[in-house]
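What follows is each chain in one-letter form.
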Amino acid sequence: MTTSLPPEDEQTYNNALAALLSSLHQSQTPEEIKKAAQRRTRTPSDMRRYLSRISLPHDSNLHCKNIVHITGTKGKGSTAAICESVLRNRDGLTTGTFTSPHLVDIRERIRIDGKPVSKEVFGQAYWEIRRRFEQWKQGSGRSATSINDLD
């Protein structure tokens with residue numbers, strides 16, 4: 001990631017969306033696409049490493065008791081929707097759901113109690129996580145041109 005953060009008044013939803021669709025986050029060449037695809041075989045360990053880098057709690061004994069992680073090749077979105085609905089409607093729990101890819105709007109990927117997050121919340125979350133990755137990168141002395149270089 002060769003760029004630093006924009007000024008705070010430019011840390012908007014639209015700029016977050018533009019950044020997510022840029023080469024910073026998207027593989028551009030066949031080699032980058034292949035590298036990203038190979039990395040996807042270890043997604044849980046990647047997530048633990050990324051959460052650690054941005055100082056978000058992820059201790060499996062304390063913070064991850066209430067997580068349903070759905071994997072496979074078919075039906076993940078439907079299964080997630082059913083699980084989320086049961087937990088929210090039958091059990092009265094507050095739910096958060098992350099799915100990928102989205103169909104129309106990127107905010108569909110992140111839902112709280114069945115509703116996509118607002119543009120404001122999405123933008124704030126993107127820039128906070130991006131700030132934490134930039135801080136980690138500076139502290140680690142790492143140089144990266146894209147998010148795929150952060151292994």
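Look above for the structure.
Just so it is clear, the model here is predicted, and its values are computed rather than measured.

A. Region of the structure containing the overall build of the protein. Regarding its fold elements, the protein presents five helices and three strands. When the helices and strands of the protein are read in sequence order from the N terminus, they spell out α-α-α-α-β-β-β-α. Counting the 151 residues in the protein, one finds 24% classified as buried. Long-range pairs, those at least 24 residues apart, make up 54% of the contacts in the protein between residues at least 6 apart in sequence. Total accessible area on the protein is roughly 10300 Å²; 54% of this is exposed by carbon and sulfur atoms.

B. Spotlight on helix 4 (residues 76–90). For helix 4, with 15 residues, the first-to-last C-alpha span of 21 Å sits near the 21 Å given by 1.5 Å per residue. After helix 4 finishes, the residue glycine 92 shows a positive phi value of roughly 70°.

C. Region of the structure containing the sheet that holds strand 3 (residues 115–116). Judged by pairing direction, the sheet is antiparallel, and its three strands sit side by side in the order 1-2-3 without closing on themselves. With one partner strand each, in any of the chains shown, strand 1 (96–98) and strand 3 form the two edges of the open sheet.

D. View of the pattern of salt bridges. Counted under the stated rule, the structure contains seven salt bridges. As a salt-bridge pair, glutamate 84 and arginine 88 come within 2.6 Å of each other at their nearest N and O atoms. Placement of the pair is glutamate 84 and arginine 88 together in helix 4, with a separation of four residues, close to one helical turn. The exposure class assigned to glutamate 84 is buried, which follows from its relative accessible area of 7%. Judged by its relative accessible area of 25%, arginine 88 is partly exposed. Sharing partners across several salt bridges, the network here consists of Glu128, Arg131 and Arg132.

E. Quick look at the packing of aromatic side chains. Taken as a whole and assessed by the stated rule, the structure comprises three aromatic pairs. Summarising the aromatic geometry, the rings of tyrosine 50 and phenylalanine 133 are spaced 6.0 Å apart at their centres and angled 75° between planes, so their arrangement reads as edge-to-face. On the criterion of sequence distance, the pair formed by tyrosine 50 in helix 3 (residues 43–53) and phenylalanine 133 in helix 5 (residues 119–140) is long-range, its members being 83 residues apart. Judged by its relative accessible area of 14%, tyrosine 50 falls in the buried class.

F. Expanded view of unusual backbone geometry. Here the amide bond leading from serine 100 into proline 101 is cis, since omega sits at 5°, within 30 degrees of zero. Within the fold, proline 101 resides in the loop between strand 1 and strand 2 (110–112). The residue aspartate 113 is not glycine, and still its phi comes out positive at about 50°. Take aspartate 113: it is sitting in the loop between strand 2 and strand 3. Under the relative-accessibility criterion, aspartate 113 is labelled partly exposed at 26%.

Conventions we followed
Residues take numbers from 1 onward in each chain, read along the sequence in its written order. Local features in a predicted model are, by the rule used here, given only for residues with pLDDT of at least 70; side-chain atom pairs are given and counted only at 80 or more, and totals for whole chains, interfaces and linings are based on all residues. For the side-chain quantities, the full set of heavy atoms in the structure was used; hydrogens and water were omitted. Where helices and strands are cited, they refer to DSSP runs of H or I of at least four residues and of E of at least two residues respectively, numbered from the N terminus. The buried label goes to any residue with under 20% of its type's maximum accessible area, the exposed label to any with over 50%, and the partly exposed label to all in between, with areas taken from a 1.4 Å probe on protein chains only. Two residues form a contact once any of their heavy atoms are found within 4.5 Å. For the accessible areas, the method is Shrake-Rupley and the probe is 1.4 Å, while residue cover comes only from the protein chains on display. Any helix carries an expected span of 1.5 Å times its number of residues minus one. Two strands form a pair only when DSSP identifies at least two bridges running between them. Salt bridges are counted wherever a side-chain nitrogen of Lys or Arg sits within 4 Å of a carboxyl oxygen of Asp or Glu. Pairing of aromatic rings covers Phe, Tyr and Trp, the last counted by its six-membered ring, and requires centre-to-centre distances within 6.5 Å; plane angles under 30 degrees mean stacked, over 60 mean edge-to-face, and any other angle means tilted.

The values reported here are purely geometric and, on their own, carry no functional implication.
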